[in-house]
Amino acid sequence: MAGPADWPDALTQWYHQRQRTLPWRNQSPTDPYPIWVSEIMLQQTQVDTVIPYFNRFMAAFPTVAELANADEDAVLKLWAGLGYYSRARNLHAAAKQIAQTGWPTQYTQLKQLPGLGFYTAAAVASLAFGEPVPVVDGNVIRVFTRFFGLPEDSTTQRMKTDLFDRLLPAIQNQKPADFNQAMMELGALVCKPKNPNCPDCPLRSECFATINNQIEHLPNRPARKKVPHYHVGIGVIQHNNRVLIGKRKKEQMLGGLWEFPGGKQLPDESLPETVVREVYEETGLTVECTTAIASINHAYSHFKITVHAYWCTLVSGTATPITTDALRWVSLSELHQYPFPTASVKIIHHLHPT
Ligand code: SF4
């Protein structure tokens, strides 16, 4: 059982016995490229979901140079369904930078790359380059707010900085890659959000939460506000055996992905009226809604939507990319070549020519 000073030893010993086999961990454990790709994919996403995406991504772009030279649509296509698409665009932008200047090898330099924040920079610096900087992700926050007994709001940057400062001395006498992966692995396998398996935990003899029976109160996560729910009308405009799709502007949410024109329903507006208005505002086309295709629900982190899709016919006008980066007429069989957000993919599954 761990004593006051040796919990970091107990933790890394536990990791050596219990670590899982994961594709990015075992191929070439100090290659920064797979470490970086996997850590970006794992943000907000479960390991089981990430594994097939990671394998497909690495097969398509086995090196940072190949990712740098890839077309953005190809990168987004391989990301489609993982969400938080700015991660993919930043990964692509950072790859271009690394291909020109080489890998920065220090935490403070890594943090300058697009999309590498506090957490990912520490993960790459420690796992690939052996720098003793602790990672502070959701798992680490849960384990160590319990271990140290920190009752403050666990969702703030202040808490991350506090934990970073508390863990910095502990990692100094450890192998940084093992210590960091041990913390994350303990959170994933033992110190789970509900019913942590304390009898199996290498930290139990020093853990504030288990000694003081505070597990249910830590970490302190203030209740989330109720997320708004929007209704969205979209038009699948048929013309000459093709349908119209638009590429979202880079700076928008889901930027760079393709979608059918449409948008949020306004008060006192029917859904077909929404579609006709939105199509005109986005493309300059006047259309008429003919039949409903499907309605699907989708949840993002800060809001939910119900998307109502309609077949439309063209009445007049020439397609002009007013609010998008590009518009394209494509056949239904070509749709799979484009990266779409998950809500659009759900609609595409309902599309059969009328
Ligand atoms: S003893 Fe229990 S609560 Fe404390 S770190 Fe281990 S699993 Fe988490």
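Every chain's residues receive numbers from 1 upward, in the order its sequence appears when written. With pLDDT at 70 or above as the cut-off, local features in this predicted model cover only qualifying residues; side-chain atom pairs require 80 or more to be listed or tallied, and sums for whole chains, interfaces and linings still use all residues. Where side-chain values are given, they derive from all heavy atoms of the structure, hydrogens and water being excluded.

**Student:** Give me the lowdown on helix α7 (residues 86-101), citing residues and values where you can.
**Tutor:** Each helix corresponds to a stretch of at least 4 residues labelled H or I by DSSP, and each strand to a stretch of at least 2 residues labelled E; elements are numbered beginning at the N terminus. By definition here, a helix of n residues has an expected span of 1.5 Å times n minus one. When the terminal C-alpha atoms of α7 are compared, their 22 Å separation across 16 residues agrees well with the 22 Å that a helix rising 1.5 Å per residue should span. Partly exposed describes any residue whose relative accessible area lies between the buried limit of under 20% and the exposed limit of over 50%, with all areas from a 1.4 Å probe on protein chains only and scaled to the type maximum. Every buried residue belonging to α7 is among Arg87, Ala88, Arg89, Leu91, His92, Ala94, Ala95 and Ile98, and all of these are buried. Throughout, a residue-residue contact means that at least one pair of heavy atoms, one from each residue, lies within 4.5 Å. Residues of α7 that are buried sit in contact with α3 (32-42), α4 (47-60), α5 (64-69) and α6 (72-79). Backbone geometry just after α7 places glycine 102 at a positive phi near 85°.

**Student:** Kindly report on helix α1 (residues 7-18), identifying the contributing residues and their values.
**Tutor:** With 12 residues, α1 should cover 16 Å at 1.5 Å per step; its first-to-last C-alpha distance of 16 Å lies within 8% of that length. Within α1 the residues assigned to the buried category are Trp7, Pro8, Ala10, Leu11, Thr12, Trp14 and Tyr15.

**Student:** Mind laying out the site of the ligand, listing which residues take part and the relevant values?
**Tutor:** For this description, a residue counts as near a given molecule or strand if any of its non-hydrogen atoms is within 4 Å of it. Around the ligand, a shell composed of Arg146, Val190, Cys191, Pro196, Cys198, Cys201, Arg204, Cys207, Thr210 and Ile215 is seen. The nonpolar class holds Ala, Val, Leu, Ile, Met, Phe, Trp, Tyr, Cys and Pro. Asp, Glu, Lys and Arg form the charged class, and all remaining residues, Gly among them, are polar. Taken together, the residues that form the shell around the ligand break down as 7 nonpolar, 1 polar and 2 charged.

**Student:** Tell me about the environment of proline 23, and please be specific about residues and values.
**Tutor:** Positionally, proline 23 belongs in helix α2 (residues 23-26). Taking the C-alpha atoms as reference, proline 23 lies 8.2 Å from phenylalanine 54; in sequence the two are 31 residues apart. Contact partners of proline 23, with chain neighbours within four places excluded, come to Ile51, Phe54 and Asn55.

**Student:** A description of the environment of serine 270 should follow, citing residues and the corresponding values.
**Tutor:** Relative to the assigned elements, serine 270 resides in the loop between β4 (262-264) and α14 (271-283). As for serine 270 and valine 227, which are separated by 43 residues in sequence, their C-alpha atoms are 23 Å apart.

**Student:** How would you sum up the pattern of salt bridges? Please name residues and give values.
**Tutor:** A side chain with one charge can pair with a side chain of the opposite charge if their charged atoms come near. For salt bridges, the criterion is a side-chain nitrogen of Lys or Arg within 4 Å of an Asp or Glu carboxyl oxygen. Enumeration according to the criterion identifies 11 salt bridges in this entry. Measuring nitrogen to oxygen at the nearest pair gives 3.0 Å for the salt bridge that ties aspartate 162 to arginine 166. Here arginine 166 and aspartate 162 lie together in helix α11 (residues 157-171), a separation of 4 residues that amounts to about one turn. Between lysine 249 and aspartate 325 there is a salt bridge, with its nearest N and O atoms 3.6 Å apart. Here the residue lysine 249 occupies a position in the loop between β2 (242-247) and β3 (258-259), and aspartate 325 occupies one in the loop between β6 (304-316) and β7 (326-330), the gap between them amounting to 76 residues.

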